[in-house]
Each structure stands twice: as C-alpha cells, then as structure tokens.
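# Examination of the molecular architecture
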Amino acid sequence: MACKSRRRSRPLTTAYLILAVCANAVLASSPLVNFAAMGKVGLAGAFAGLDLVTNSSSVTFDPSTSSLLARSSDGSLSKLASTNPGGSILAGCAIGDVFYVAGNFSSIGDASASNIASYSASGSFSSLGTNGPNGAVHALYCDSSRKQVWAGGHFNSPGASVAVWDTASSSWSAAPFGGLTGAAAEVLSITTNSSQSSLFFSGSFFVAFGNSSAPLNSTNNPNVPFSSGATPFSSSLVPVPLQPPDVSAGPSSSDGQFSNVSNILCPAGADGPGNTWLAADGNKAVITVRKFAFLTARGVRLGNTFLNGRGTTGFSVATIPDNAVQRLHYFDPTDNQNKTCTDTCPLLTDSSVPYQDFLFDSDVDVTGFQLTLSEWQGAGPGLHLLQLLSSGAFASAIDSQNGPSCFAPGPSSTARTGNWQEKDADTSIPGTTQAVLVSTVDVGTSSASGPSFTWMPYVSASGQYDINLLVPGCTNFQDCALRTLVKVTVFPGGGQQPWVTTVSQQNTQDNATLIYRGPVVPTSPDFQTTIEMQLDDNPVGTGQNGKYELVADRVQLILTSPNVTANSNSSAGSNSTAAAERGFGFLEWPLGASSTSSASSVLSTSAVTALDSVGFDFLNALGGAASVASSSTPSIAAVAHHPSGAVFLGGRFSLSSGSASGASNIVVFKNGALAALPNDGLNGPVTSLVVDGDKVFVGGSFSDTAKSSNSALKGIAAYSVSGNSWSALAGGVDGAVASLDTSNNQVLVAGNFTKLFASSGASEGQNAAGFAAWDVSSSSWVNSGGFLVGSMTLVGNGTSNMPQFVAGNVATSLRFGASGFVMLENGKDGQPQVTPLGVQFDSTATNSTAATAKSRRSHHRRAGAGWIPSFNVLSVFKRQTTTTLAPLPTPAPAPAPAVLAGAFWTNSSSSKELVIIGGNFSYTSPASGAQAQNIAIYDDASRTVTPLRGNQPNGTVRSLLVRGDSLFVGGEFTVAGIEGSGFAIYDLANQRWDSAGLQPLQASAGATVTVRSITASPASDHAVVVAGSFAQAGSSPCRAICSLDTTNKQWSALGNGIQGDVSAVVPAGNNELIAAGSIALADSTHANVAAYSFSNSTWSSVGNGGDLPGPVTAVEVDNGNAARVFAAGRSSDGSSPFLYFWNGQSWNSVGSTLQGTTEVSQLIMVPLQNTHDGNDVIESDRVLMVSGSLSDSSFGNASSALFDGQNFTPFVVSTSDSGTPGTVAALFHSFVNIDFTQRHFLATGVVILISIAIAAGIVFLLALIEILWALFARRDDKVSNFDAGDLDADDDSTHRPSSLLEHINAATRSTILGSSAFGPNAEKEAGLATAGAAAGAGAAGAAHDDPFSGPDASNYLRAETPSDALGGALGPEESRPAYARYSFHGEGEGELPVKAGQELEILDDRDDAWWYARDTRTGQEGVVPASYVY
C-alpha cells in the first residue's frame, strides 16, 4: 500500500500533518547528484519551504501540540519533539550543551515531564526531578556560572511563582526571597541587567520592603501651600532659590506696583500690588531667568493672576543655554487627567487653583530658562508666582549658593573641619564658572585626622531619593595629580543605618556619583539629612608634593517617588520612622544574594537595590494598590536593560500619575524616574523586548503609538534610545508578536501572524506564517532560512550545536525556507548543500494576468512547463492541413511568489557570475526602493536582489536565456513601451530593453502569446529557438516554434514548421533539436515529440505519435543522444500521467508507479558522484531528475525524484506558504554541457608517495641496466694497458652509456605518455641517439623533440583530472585568466575551440607553442595555440 502524505493549511487543526515522504521509500544508498559537474546550480519553483529527502523518519506535526524546533546557523529548521495535545512551550534557556524548555505541558517527546524538561546533546528529553513547578512556567533564566536554572510563572510549589533548579544537586528549591505573590501572582519574565550581576523579575505581583505594606504620603506636601494643580511628586520638589538680579522681564506694565518681576519669585502676600507682575497691555511678554551657574532643574511652577479679568492662558518654556522648547507634563484638575504640552501650554484662569506645576521629561542641566507668555485674557498676561523646581533637593559647598527656597523654613547649610579654600574653573556650559572648596592634606594622614565636609540639604518632603555627589573634573581645575579617594557617609533618617560609599575624585570630567538610593525623611526641627565627606581609609595615588586634595562641590537629591513619610515623636534628635516601600510588577535580585525574609510578605529594607525604585514608582504611577485591585490586572511582561542604564518595561498597563503619567504598555525608567516614550507608548500590550545597540525592538499586540502617529507599528516596532523616537520595521506584521531574539545582526520574530507588510498602508506582503527575520543592517525583512506555518510562542538562543530554538503550534515545517528559489552544491560527504534565496519576495505580484505556470528549458537551464491555455491554434493555419490535437495539460498552480525560470550571466564589467530569475513575484529593494516585478538579478555571493532598470514585465516570466550580455525573456507578459507580448530582449550591459526592430509574436484570434522555451540554436551561434503558443512571428508564418537571428532580429521558420503547442525544446547533438508538446507535423502527422534536423531543414516524428498516451509537458535527451529520449505528460483524456523512454526504435513506459495527480514540469539528466546498477534505460553514472508535483505509489508525494531507469528515489519535497504541496519548476545550471564522466581521486599524499616510488624504481632500473650493459660490453675484452691516444676523435664507444640513457628515457616517456619513444620525430631522434652525436647537437635534438611540445592535449601529462598539469601531483593547481586574441576552430582531437575575445583559464603554459586552457563558460578543456592567447 502506498504511503500517503497530507498537508494542511491554516487555520490550524488537530489533524496530524505529514510533510516528508515515507522513510521506507528512500534507498539505503541514495544517488548523490554531482552538482559540481554542472557548475552553479539553481532550483526554482512555486514553493515557500523545501527539504531534501533523507533516510530519516517521516516528520509529522499536530497543531494541537506545541513543537520544539532547532534552528541552525544557516537558519534551517529541524523538529526535535512535541508536547502532549493542548500543551504549550513558553520559555527556554541553555547551560552548556543542555537546553531547558518550559511551559504548560505534561510530556514532551518520549519524556513524561511536568511543565519543564531538559534536552541534551544526545537528542533526548528528560524531566527535572519530581517536585518541580506545579503550574505553568512563563520564564526561564540559566545562570551558567552557578549552574542554576531560575523558573518563573504561575505556581505555588516549590516556591510562590519562582523556583530554582540546581543542576549539580539535581534538586528544586524556592527562590532565596521566598516567592512573589499578590495581584495575578505570576512571573512573566526573568532577565538580567546589562552587567549580568542581578536578575529582573517582572509580571503581576506585589513586593514590599520594610515594616509596613501600606503606601504612605499619598497627598501633597504639607510644607507647601496646597494647589490642585500640583501632585504629590511635584509638590515635594524644592524650588531653586532665585534672586532679583537673576530675573528680567519685558515688556512690563507701566504701573510701578506691577512692573517688578522679582515680586513673583516668592510673593509675600495674595495676588495684588507688590505681589504680582503684569505685562504691558496687549503685548506678549518674555521672562528670562539666568543663574550663570550649573544647576539641575525638573520643571517650573506658575501661579496665574486674576486681577481685573487679566491672566495668562498660554505659554512655553525654553531652557538655557540650549534654547530648546521643553515638553511639559502637568495635571489638569478640571478633568483629573495627566497631560503633556509643548508650545503652547495652557495655564488655568481658575482662582481656586493658585498654581500649577509643569515638569520636564526628566532632569535637565541648565543655567536658566526663558518663559514666553503668548496668550492671555483681559488686557494682557501676568503672573502671581514663578519658581524653578529642582530635581528634589540640593546643597552647595559654597554658602552663597544655598539661599532660602520659597516656602522653606531655612536654607540648606554646610559644616566643615580643617582648612577649606574656594577654587574656580570654567565649566562645559558656555558662559558659566564653577566654584568649589578644596582642602589639602598630607599623604599618610588618617581619615579621622584629616579634614571633613558636611552638607545638610533642606528636604521638603519624604520620599524615595537618589543622592548624588557632584565631583568636578580635575582637567578644568588642573589638579589631577592631587586627587584621591574620599569616603562619603549618608544619614537618611527614618531609623535607617548610615550608607557609606567610597568615591574616586580622580575623574577628568565632571561626574555625578550615586552615593545613596532609598527613603529620605524631611527636614524638621528634630532631624536633617546629612552627607559627610572625608579622606578615605585607603586613599590611592601618590599625591603631589606629598599632598592630597579633597574637593567639595554639591550634593543633589533626585526625588524618584514621594511614597515615604516620617513620624517624629521621639526625643534627643533621633527619628523613629514606620516606613514601608511597596512595589508592583518588578523586583531586582542580585545573583548570589541570600535573604532570611520573604518577598511574599515583607523584605528587609537592606534588600532594596538601586533599581527596586522601578517597582515603587510603577505602583505609584498606577494609582496605588487600590487602583491595581479595581482595574483589569496590569502586568509587566518584558524588561530590557540598555547599556546606558535605562530600563525599559513592556506589558499591559496604563499609568495615571507621576512623571510618566499617560504612558501605555511601555515605559522607561531613567535618571531615577519613570518616563513616557514618544506619543505615550503603544496602543496595545507589549510581550517582548530585545536590545540591539542603540535600538530597543518591541513586540506585542499593537498597531500604533498610544497617540496615533505611525500606523506601520503593527505588532513590532523599534525605539531609538539616543534619538528618542519610534521607527517601523517596514509595515510590521498582520498579527501578534510573542517573542523576539537577536542573532547574526538579525532580529528573529515569533508570533501568530501570516504576513510581513512592506509599508503602513499595505494590505498584502510577504508570507511568513509565525516566524520571520529582520536584517538590522539593511533594514528589511529577509529569508529566515527555514520554513514553517504555525502560531509560534518562543524564539531564543540555544547551545553551541543548536544556535536557536523555535517553539509553538506548528502545522507545517520544512528545513529550508525560500520564495521559490535555492542554490544547490555538493556539501559534506557528497550530500547536497542548500542555500536559500537571501530575501523574501512579496506574496502578490502586481500583474494584469492571474495565471501561473512553470517555465521551460533554455540554453543554460532546464525549465518546466508553463501555463498553457486549452485552445486549439490550428485554425489560424490556412495553408496546411489541420488536425485536432488534445490540449496541453494544465500544470500545478504556481501562485506568487514563484520563480519559474533562471539563467546565469557573467557581468562583463565585474566578471562576477550572477543569476537571472524570472516568474511571478515582486520585490522592493531596501537600498534603493526600486521594485523588481517578475524578473530580477540575484547575487548569490551577497544574497541580494537587484531589479532590472526600466519598465518591469506585467505578467508572468516563464523562460530565460542569456547569450553574452543579451537576455531573452519569454512568458505571458507585456512590457510598457515594447510592441507585442510574450517575448522581449534586455541588454544587461546597458540595463535597458533592446527590442527595437524586433517584430512581435502574434497569437491566434482570442488567444494570448505564451513563450515556454527559449533555446540556443545548436547549429548557429547567432540564433535562438523560441517556442510556445503563437500563430506567427512578425511576417514569418512560423507557428509554435521559430528561429530568431540575434544579429538582425529577424524571424524565420524551421523547415515546414509544425502545428499545435510546444511545451519544451532540447538540443540533440550539434545538428538536431527535439520539440515536445501537443504537436502535429505540417502534414498532420501526430508527433507529440518531433525532431528537427538543421542539416536538411526537415521535421520528423520521434516514433509513432500514437505510441504516447497524450501531450508531452517535459522532454529530455540523454547527453545529446537522439536515440535516448525521455518524455512525460498526461494522457489525452487527462486521467493519468506517463513517463516514456525512446530507445531509438520504440517508446516504452518507464513510469508506471506515477499516480493520477502527478504533473511533470521538467526532465533533466543529472550526473552522479556514486553509481547505480546500470540498465538499458539509464547509464550507471547518471539519473533522470523528474520535477513538478509528483505522486508515486512507492514514495508518496514529492516535488522532485531521481529515476535510475528502474526505480524512483524521492529527492525534494516542498510546500506552499499555506502548507499545501509546492512544485519544482526547473533545475538550471551555468555549464552549457554536463560532463557525466566520473573521476575518482587519490589523496594528495598517496599520489606523492606513488610518484616517489615510481621515480625511485626507475632510477634503480636505469642503474641496473647500465651495469649489465657495461658488463656485457666488456666480456670479450682482453686486459691491456689503456692508451687514450689510440682512440679516434670520432670514436663513440665512450658515448654508449649516454646513448643508452637517451634510449631508456625516451622509452620511459613513451610508456607513460602512450606515444612514440621520440615523439613525432622518432626517426630523427633514433638516428641521433644511435650515432652518439656531439653534446651540443644531442641537447638541441632533445629540446626539439621534447614529447611535451606536441600540438594536441595527449602530449600533456594530466594527472587525476583533465585540469591537473604534469606537476599537479606535487602541489595545488595554479591557473591564470587570459583572453583569445583570434578565433581558433579547434577541430583536432584534444583541441579547444575558442572565439576572439573569449575569456579563458590557462592551466599549463610551459610549452612555447601550445597552452592547455579551460573555457570558463562551459568548463571544457583542451590545447590552444599560445600565439592566439594574451
């Protein structure tokens, strides 16, 4: 019984899907195709995924399960295992060669595992103990250094939402902090900080630090007059003290009671004379504040005037010195909404709102600001209150800079011990100077004995603060050699222990060093926060002249959250504070840290880290715990820590208060506070974040920013950290993104989507069902390498053997993904190596015709059958007897994107060999924006596609042929500006269409021209044969097949012509071609396969036309032998396919196992590396590759199979983007002629050893013969005294040994080379040898008669291959490029015919007269005259 194969398309079902052919159909020793013998090889078709059939078992997928696939470095995919039905895989990570996979499942592969399992390099899955997480696992983190796996999710054992697997002890335990509870009680993400020193846990949970779990201080600062236009945060910011000389305004009112702007800096009374400033009536006004010193500001506080109906209604703020108009955040008490504005911002005219606070995006370093009052009511604008808000609180070492702040009972202050002196220097802000205090101390002085400096800043309200010590750079002060370390102690109050930090003051540039992060209580009569600085206990550096220098500048308190209060009921100056910190959705935990308390209740404040403020602020921004409980539960699903220090938080939330009020679904924590991203984030949930350089890539279920600005942000977006801006990934995707990862400068995207859009308005795009790859450098979607159809949930980095893993509900998957085209070559162990197309084609081509087809054979390729209309064109032939022919079969569908034809072209300017591909596709170049439609140039080295310049074909390209720089294009299309349809010529060198003077092909009435085959004429270098469905060519009455003279673009008929439709044409030797289709000869003789002889210009039927069951869709001639022809097609009634073989006498069926749904698009004979059992049909060194959409009783479904004359071996299986079977249209190659000769090579070392042994044997034999000859010659000599004078001058007796050696050398060369002992001049050579000529004459004769000087290739010793020179066995072959100066016919045996200007590769140039060369186009080798080459 045949093994069936099924494929299912979306939507996903629970049915099993078999994508590969059955394993038992694959032979134990499969044929190994020798792609190297064909040059470069391309495989084209209508497919989105492709795989080569191996001896592995069938690959099945059940979409109701979750499958785990391994992704190799080239992007190819292979299935590892699936879960139980209904299971899901949500997370994964690796330690060494073990990959840990987790989710919600009870089994995976053959292993019974609850929610988490391991996959080893051996290929097996294992469960992790018996007491692992008892619920879904959403996140994994692998700590390779500690050999631990952290799991987070929704479970309560072995820990609440967090558990740890120790690989050394093979045991589970709760997290050191116990667990995380509250809200939804689940952890959705576990990531690490940028330095990989701590973990970030995020999700939906509460975490508390301290002694209480209730958030405090949720009202405005009681030390500041209340206003509904302020928030708890803004009212806690201490205003910067401003003096009258710092402020100017104009134009001012002419009324002296209202013209002094300094009156509004801290008004002494109510709105009125002496406490209010008014602008001149009817005029816009500008107020400028300049401090001429470096300061950090967070915003401005404005109180309007309400005198006589006047008041400011609109304003803007620009900071100095950058003159940038700032975006401001404010709370609008009229509708209780947090809002933002830039220019112009509104100011309320409601007298019940005494002032409003307007905050910058973040802390800004300024020297002042300019306030423009641009809109007003009444007679003109005016203000009652103007304040510049600090970042929280501050204190300077220079007392004059510690002026009293408005509403403060007193200024910040300082104290010092030792001798401190003022020192000034310029700053990086133009027009400002910097004053500090310095103190010198002898090297070796102890910390207790040295000077100290104490800052006592005024803190208006309790809250979470970052305290920075500002240290000026030593370069400006020119004291780098004096600098060392200082010890800084912070007393924050609230019963907390002092914080001690060592700070280096050796920084060359200005620096702000964090010395404390946590709660600080406000200044009161009983307590004031202090920061003390003194010499460190272990100072560094040698100092200068025996001295160190300590520098005191400023301390800066940055308010991050106003949610701590103080209760000063104790005496003796001590403070007892019942303080608690509570956060939501985020916890930072240092790797390796331990704890005795539990995060599920309250953690000790000693466990608070620098970034735990994220959770504190986030809870406050949500509106507190009550808001979390009353709304749909928010969550933080993803966290990314950028190297700049910014922490990005993505999830499902909407913030209603604080510095990031209004932000939705994504927010950033930077500079100690939450901040909204442009346009307030995104309009849908965020599920994944990944950092790549300056970019943060964001995935989720969104379609735009929260405030609509970019509709291309569909499912995925990129945020620039430096540019603070959003950018799209082309047009996004058409569904939700679940997971992101980066690899090899690509962003890998997994989710539940089907298409990749090219632009925001696009409704169609590239097909990518669940998995895609974005190339960062080219900013374009590229081929991900593999193919799958599914709803994917995970993509993540893996092990060294398996770089990535992909998981989800898979319906279809094949190893390679490509938009209709791959390159093939010999790989490891002779196995085929596949390189997919490097880009993704769009799923729709903008064609006027919807028909799809496969292209036919051309000069350098073998193309498939195209779409053929079922009409009879014979009615257009008036001068011939017509006959009724069966229509050509309709081929398998080839929806876009499909590549149906290809040819190779060597660019004459760059000498680079490129691929021309044609079909039914479209592609937009990301570099130029130019669009390729149905035809393009592909560079397989860079894996890039370049559109042809000029108008694009509107229709489908089915056949291609390259001759020189001319590209002949056939199919069913039109090109704007070119007369006719179906055929055109393109000048590749000049990048333009070259159809001027070309008469168009013409169709019969009611039909269209379809060209299926363009073939180089075997009889002429200046002619091509064009075939398909047409009535005539220009004025020439040739039908279905016609010859085109490429020199003058004139058409001519081939003999008397034929009737019908031609599907394929192949040459048969140098003087004949074979045409196939639904054909009758001119005399109406049925001949679905016909031969045309160029020598006598006649057509003849190949066999009896009635012997074939029906029309032929593909034909092949075995190595040009017209007595060995293969033909495939379908029966005349369309019921069954056939494959027949012509043996020179009769047609015989050889494809009886092919089943009814089979459509054959191409037949091509391919060479083998190995052999099969030869037979009368096909020789042992080759096989017939049958391509199309195949169904066979022996193997099921395939797209290509190899036929050895007796059996089919499935070779390629493919699928469409929807999961239905794909088709292979054509395999094409760069070599014109295929060399089927097999050569078996010995290893280089073995060749060298054999050569040495032969040489040693010859030397020994020569010596032995020499000795024997000498003995034989002297056997009759008598012993006598020797007298040299007795010898005649011409006595040659002393030359006999030399003559003997000459004979032996010549004989040896004859034996090796298979030629006469003395070459072509044997008689002369023999005469010279026996005569024992003089040494000069002998040398001349030897040189003249060197056997390597012969005129043909037989005189060249070729080692293992035709391209190996005589010395090839002693080292790698060396060659050089050359060109033919003249044409050389090369009709002799071993000679290589060349044409003037032709490019050659010289393999051996040691002979003066003849050089051994290779034709770079065809691979043919032979000798050419040396004088003909340069």
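Residues numbered from 1 in each chain as written. Predicted model: local features only at pLDDT ≥ 70, side-chain atom pairs only at ≥ 80, totals over all residues. Heavy atoms only, no water.

### Digging into the confidence of the model for the protein chain
Using the following cut-off: Every residue carries a pLDDT, the predictor's confidence in it, which falls somewhere between 0 and 100. Should any heavy atoms of two residues lie within 4.5 Å, those residues are considered in contact.
Across the protein chain, the average pLDDT comes to 83, with 83% of residues at 70 or higher. Considering only residues more than four positions removed or in separate chains, one finds that residues 565–579, a stretch of pLDDT under 50, has 28 contacts. Throughout residues 1278–1372 the model reports pLDDT below 50, and contacts reaching past four residues in sequence, or to other chains, amount to 106 contacts.

### Side note on the sheet that holds strand β57 (residues 804–814)
What counts is decided by this rule: Any two strands with at least two DSSP-identified bridges between them are counted as paired. Only DSSP runs of H or I covering at least 4 residues are called helices, and only runs of E covering at least 2 are called strands; the numbering of each starts at the N terminus. Helix axes use the C-alpha atoms of the stretch in contact, all axes being lines fitted to C-alpha atoms, and the angles between their N-to-C directions lie in the range 0 to 180 degrees.
In space, the 4 strands of this open sheet follow the order β6-β5-β57-β56, with antiparallel pairing throughout. Edge strands, defined here as strands with exactly one partner in the open sheet, are β6 (77–82) and β56 (787–797). Each strand axis lies, on average, 35° off the axis of its neighbour in the sheet, ignoring direction. By the bridge criterion, 10 bridges tie β56 to β57 in an arrangement that is antiparallel. Its bridge partner lying in β57, L788 is registered against S813.

### Focus: the packing of aromatic side chains
Short version of the rule: The criterion for an aromatic pair is that two Phe, Tyr or Trp rings (for Trp, the six-membered ring) have centres within 6.5 Å, with stacked assigned to planes under 30 degrees apart, edge-to-face to planes over 60 apart and tilted to the rest. Burial status follows relative accessibility: with a 1.4 Å probe on protein chains alone, a residue under 20% of its type maximum counts as buried, one over 50% as exposed, and anything between as partly exposed. The rule for a charge over a ring is simple: NZ of Lys or CZ of Arg within 6 Å of the ring centre, and within 35 degrees of the ring normal.
The full count for this structure, using the stated rule, is 36 aromatic pairs. Centre to centre, the rings of F99 and F805 are 3.8 Å apart; their planes meet at 20°, and the pair counts as stacked. With F99 in strand β8 (residues 98–104) and F805 in strand β57, this pair connects stretches of sequence that are 706 residues apart. You can call F99 buried: its relative accessible area is 1%. Where W1142 meets W1147, the ring centres are 5.6 Å apart and the plane angle is 50°; that geometry is what we call tilted. W1147 shares its class with W1142; the two are buried. A network of ring pairs unites the aromatic residues W150, F177, F201 and W589 as a single cluster. Positioned above the aromatic ring of F61, the side-chain terminus of K79 is 4.8 Å from the ring centre.

### Observations concerning the pairing of strand β51 (residues 746–752)
Taking burial as the measure, the 7 residues of β51 include 6 buried ones, the bulk of the element. Looking at chain direction, strand β50 (residues 736–743) and β51 are connected through 7 bridges and run antiparallel. Its bridge partner being in β51, V737 is matched across the sheet by G751. Here β50 hands over to β51 after 2 residues, with N744 in that stretch at a positive phi of 50°. Note: β51 against strand β54 (residues 771–775), 5 bridges, orientation antiparallel. Following the sheet pairing, Q746 is matched in β54 by D775.

### Overview of the sheet that holds strand β78 (residues 1089–1093)
Overall, antiparallel pairing links the 4 strands, which are arranged β76-β77-β78-β79 in an open sheet. Two strands bound the open sheet, and with one partner strand each, they are β76 (1058–1067) and β79 (1098–1101). Here the strands of the sheet are splayed against their neighbours by 35° on average, with no regard to which way each runs. Pairing geometry for strand β77 (residues 1072–1081) and β78, over 5 bridges, is antiparallel. Counterpart to A1075 in the pairing with β78 is A1090.

### Examining the pattern of salt bridges
When the charged atoms of two side chains lie near each other, side chains of opposite charge can form a pair. Short version of the rule: The rule for a salt bridge is simple: a side-chain nitrogen of Lys or Arg has to be within 4 Å of a carboxyl oxygen of Asp or Glu.
This model, assessed by the stated rule, comprises 35 salt bridges. With a closest N to O distance of 2.9 Å, D1118 and R1182 form a salt bridge. One end of the pair, D1118, is in strand β80 (residues 1112–1118); the other, R1182, is in strand β85 (residues 1182–1192), with 64 residues separating them in the sequence. You can call D1118 buried: its relative accessible area is 2%. Salt-bridge contacts for D1404 lead to R1406; the nearest nitrogen and oxygen are separated by 3.0 Å. Overall, the relative accessible area of 53% leaves R1406 in the exposed class. A single network of salt bridges, built from pairs that share partners, joins D1118, R1124, E1179, D1181 and R1182.

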